[in-house]
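A closer look at the structure
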Amino acid sequence: MSDAKKLFEALVREHADMLTVYLRSALGNVPEVDDLFQDTMVVAWKRLDDFDQTRPFGPWLRGIAKRLLQAHYRKQVLRPSTPLTLDRIEARINQLSGRSGDTWQEKLEVLQGCVKGLPEVYQTVVVWRYLQGQAIKQLSDSLGLSTAAVKKRLQRARAWVLECMERKLAGTENHRLG
């Protein structure tokens with residue numbers, strides 16, 4: 001096995017979860033995520049000689065994925081995530097990636113623990129929205145709440161989960177839910 005192939009396999013194993021999170025953040029939990037993941041890896045493999053090994057692999061890989069996402073949006077005539085949205089996702093991933101010693105699997109376990117630690121009213125909307133893929137209107141109808149109330153619960157839940165993750169990854173344990 002060539003050194004380039006070994007390097008690529010190691011980098012893919014290390015960054016596969018991060019790339020999946022990035023693509024799902026942009027598209028949702030849809031089958032196209034798998035296709036774009038594979039397309040990103042094919043392009044990355046073909047362009048591996050262009051990768052500057054003195055720089056981080058994750059941002060380079062997400063740059064490829066971002067261009068493929070934009071092409072996907074144009075091809076499908078979908079409402080794309082704005083560049084600002086993709087940039088915000090990139091900034092959050094870079095923020096989490098910057099923590100030394102944490103693997104993506106460990107971060108996903110922290111995320112799952114934080115979601116499980118949410119009060120039930122917030123946990124329900126998070127699970128139904130992000131794990132089951134229900135639209136805001138569906139949640140509103142199912143819960144007998146206004147769409148504004150569902151959005152507010154999601155906003156509070158996301159803030160709580162972010163605070164929880166930052167606290168756990170930093171090793172502190174105080175929290176509050178606003």
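Residues numbered from 1 in each chain as written. Predicted model: local features only at pLDDT ≥ 70, side-chain atom pairs only at ≥ 80, totals over all residues. Heavy atoms only, no water.

With that settled, consider the pattern of salt bridges. By the definition in use, this model includes two salt bridges. The salt bridge involving Arg47 is made with Asp50; its shortest N-O contact spans 3.3 Å. Its relative accessible area of 53% is what places Asp50 among the exposed residues. The shortest N-O distance in the salt bridge between Asp141 and Lys137 comes to 3.0 Å. Taken together, the residues span about one helical turn, with Asp141 and Lys137 both in helix H7 (residues 136-143) at a distance of four residues. (Salt bridge = Lys/Arg side-chain N within 4 Å of Asp/Glu carboxyl O. Buried < 20%, exposed > 50% of the residue type's maximum accessible area, 1.4 Å probe, protein only. Helix = DSSP H or I, 4+ residues; strand = E, 2+ residues; numbered from the N terminus.)

On the secondary structure map, Arg156 appears in helix H8 (residues 147-170). What makes Arg156 partly exposed here is its relative accessible area of 35%.

Before going further, it helps to spend a moment on the state of the cysteines. One pass over the structure, following the stated rule, counts one disulfide. Here Cys114 pairs with Cys164 through a disulfide, and the sulfurs are 2.1 Å apart. Between Cys114 and Cys164, the S-S torsion sits near -80°, and that sign places the bridge as left-handed. Here Cys114 is found in helix H5 (residues 104-116), whereas its partner Cys164 is found in helix H8, with 50 residues between them in sequence. Assessed through its relative accessible area of 1%, Cys164 is described here as buried. (Disulfide = S-S within 2.5 Å.)

One way to put it is that helix H2 (residues 32-46) packs onto helix H3 (residues 57-76) with a least axis distance of 9 Å and a crossing angle of 125°. As judged from the angle between their axes, H2 and H3 are oblique. Here H2 runs over H3; the crossing is right-handed. Note on element contacts: H3 touches H2 through Trp60, Leu61, Ile64, Ala65, Leu68, Leu69 and His72, opposite Glu32, Leu36, Asp39, Thr40, Met41, Val43 and Ala44. Partitioned by chemical class, the residues of the contact of H2 with H3 number ten nonpolar, two polar and two charged. (Axes fitted to C-alpha atoms, helices over the stretch in contact; angles between N-to-C directions. Parallel < 35°, antiparallel > 145°, perpendicular 65-115°, else oblique. Left-handed = near helix turned anticlockwise from the far one by under 90°. Contact = heavy atoms within 4.5 Å. Nonpolar A, V, L, I, M, F, W, Y, C, P; charged D, E, K, R; others polar.)

Between H7 and H8, the least distance of the axes is 9 Å, while the angle of their chain directions is 105°. With respect to H8, the axis of H7 lies roughly perpendicular. Taken together, the residues of H8 that come into contact with H7 (itself represented by Ile136, Lys137, Leu139 and Ser140) are Thr147, Val150, Lys151 and Leu154. Looking at the contact of H7 with H8 residue by residue, the class counts come to four nonpolar, two polar and two charged.

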